[in-house]
Amino acid sequence: LHGWLGSWELWRDTIEVLGREFRTYALDFFGFGDSGVVLNDRPRANDMASFTVPTYVEMVYQFMERLGIRKAPLIGHSMGGTVSLSTAIRYPEKVVKVCVIGSPINGSSLNLLLKLSGNPTLASLFWLFGGRGLTLFLRGYSYLIAKDGRAMSRMITNDVSKISVESFFQSIGTLRQTDLRPDLGAITMPTLGMYGKRDIIVRPSEHKTLQSGVPHARIEWFPDAGHFIMMDSPERFITTLRGWLHNT
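Let me sum up the structure you'll find in this document. (Residues numbered from 1 in each chain as written. Predicted model: local features only at pLDDT ≥ 70, side-chain atom pairs only at ≥ 80, totals over all residues. Heavy atoms only, no water.)

1. Observations concerning the overall build of the chain
(1) Moving on: Scanning the chain for helices and strands turns up 12 helices and 4 strands.
(2) Moving on: Looking at the 248 residues of the chain, the share that counts as buried comes to 56%.
(3) Moving on: Considering only residue pairs separated by 6 or more positions, the chain has 75% of its internal contacts joining residues 24 or more positions apart.
(4) Moving on: When the accessible surface of the chain is summed, it comes to about 11,600 Å², and 54% of that surface belongs to carbon and sulfur atoms. (Helix = DSSP H or I, 4+ residues; strand = E, 2+ residues; numbered from the N terminus. Buried < 20%, exposed > 50% of the residue type's maximum accessible area, 1.4 Å probe, protein only. Contact = heavy atoms within 4.5 Å. Areas by Shrake-Rupley, 256 points an atom, 1.4 Å probe, with all protein chains shown as cover.)

Now the structure itself:
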């Protein structure tokens, strides 16, 4: 499950490796990736109600039901990890294991810029000139959030081109308001948390929040990685994830 502003494309390299041994699925949340294109082309009055963490939890559940996936491990990056944990809490019978990568447990752990992005007025300012202001900003910001700034810039520019102002501010707004701490005790399945010391999007100390609420959680610390661990430390990331999936 991808993070805010992202899409399933984030997982292309991961799927190429894991797909040799596992059947893998990666969906686009409502308002993002290819689903964002559909929503933008066909706006509906209730679209804005779709861009929330609880709605994405239901989306994952319905996705699994429609495809006949009785239960499976969930792997989520950033907001996608928050959705993964929320799904494990809401539908534990569907989740075998849950892995989160740089994910906020408490929305207050988001950096100030992301918190402000949940404000409709500020979001509208980003969308001045057809979203060019946001795109230009993110192109520069990409070099701060990933080691390979050029690759990150290409990916995030492509993903942002497919979203709307509504999906932009409402999704981050609901993520900011999310606090899973009171419900973490309900998570009994194997849990893995990967966090990068250089993460400037979500406070790296969220790994402590996860382990405090889920004492059996395994924490993998990446001192040389930021928010996008799969891009900053790809070999260790995939080795860790693959080993965890095989470990029963």
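2. Some words on the nonpolar core
(1) Moving on: Within the largest apolar cluster, 70 residues are counted, with the highest numbers of intra-cluster contacts made by Phe29, Val83, Ile101, Met194 and Leu241.
(2) Moving on: In terms of residues, this core owes the most to one element, helix H3 (residues 53-66), which gives 7 residues.
(3) Moving on: Setting aside chain neighbours within four positions, we find Phe29 in contact with Leu1, His2, Ser35, Tyr56, Met59, Val60, Met79, Gly80 and Val83. (Core = buried A, V, L, I, M, F, W, Y, C linked by side-chain atoms within 4.5 Å.)

3. Let's talk about the pairing of strand S1 (residues 72-77)
(1) Moving on: In terms of burial, S1 is a largely internal element, 5 of the 6 residues being buried.
(2) Moving on: Looking at chain direction, S1 and strand S2 (residues 95-101) are connected through 5 bridges and run parallel. Directly across from Gly76, in S2, lies its bridge partner Val100.
(3) Moving on: The parallel pair S1 and S2, bridged by helix H4 (residues 79-90), forms a crossover whose chirality is right-handed. (Pairing = 2+ DSSP bridges. Right-handed = clockwise from strand over helix to strand, strands pointing away.)

4. Topic: H3
(1) Moving on: An ideal rise of 1.5 Å per residue puts 20 Å on 14 residues; H3 measures up with 20 Å between its terminal C-alpha atoms.
(2) Moving on: Among the residues making up H3, those that are buried are Val53, Tyr56, Val57, Met59, Val60, Tyr61 and Met64.
(3) Moving on: Considering only its buried residues, H3 is in contact with S1, H4 and helix H9 (165-177).
(4) Moving on: Residue Gly68 follows H3 closely and has a positive phi angle near 70°. (Expected span 1.5 Å × (residues − 1).)

5. Quick notes on the pairing of strand S3 (residues 191-196)
(1) Moving on: The buried count for S3 comes to 6 of 6 residues, which makes it a mostly enclosed element.
(2) Moving on: Residues Thr191, Gly193 and Tyr195 point to one face of S3 and Leu192, Met194 and Gly196 to the other, with burial holding for every one of them.
(3) Moving on: Summarising the sheet, S2 and S3 pair through 4 bridges and their orientation is parallel. Directly across from Val100, in S3, lies its bridge partner Gly193.
(4) Moving on: By the bridge criterion, 5 bridges tie S3 to strand S4 (residues 218-222) in an arrangement that is parallel. The partner of Leu192 across the bridge, within S4, is Arg218.
(5) Moving on: Handedness of the crossover joining S3 and S4 through helix H10 (residues 206-213): right-handed.

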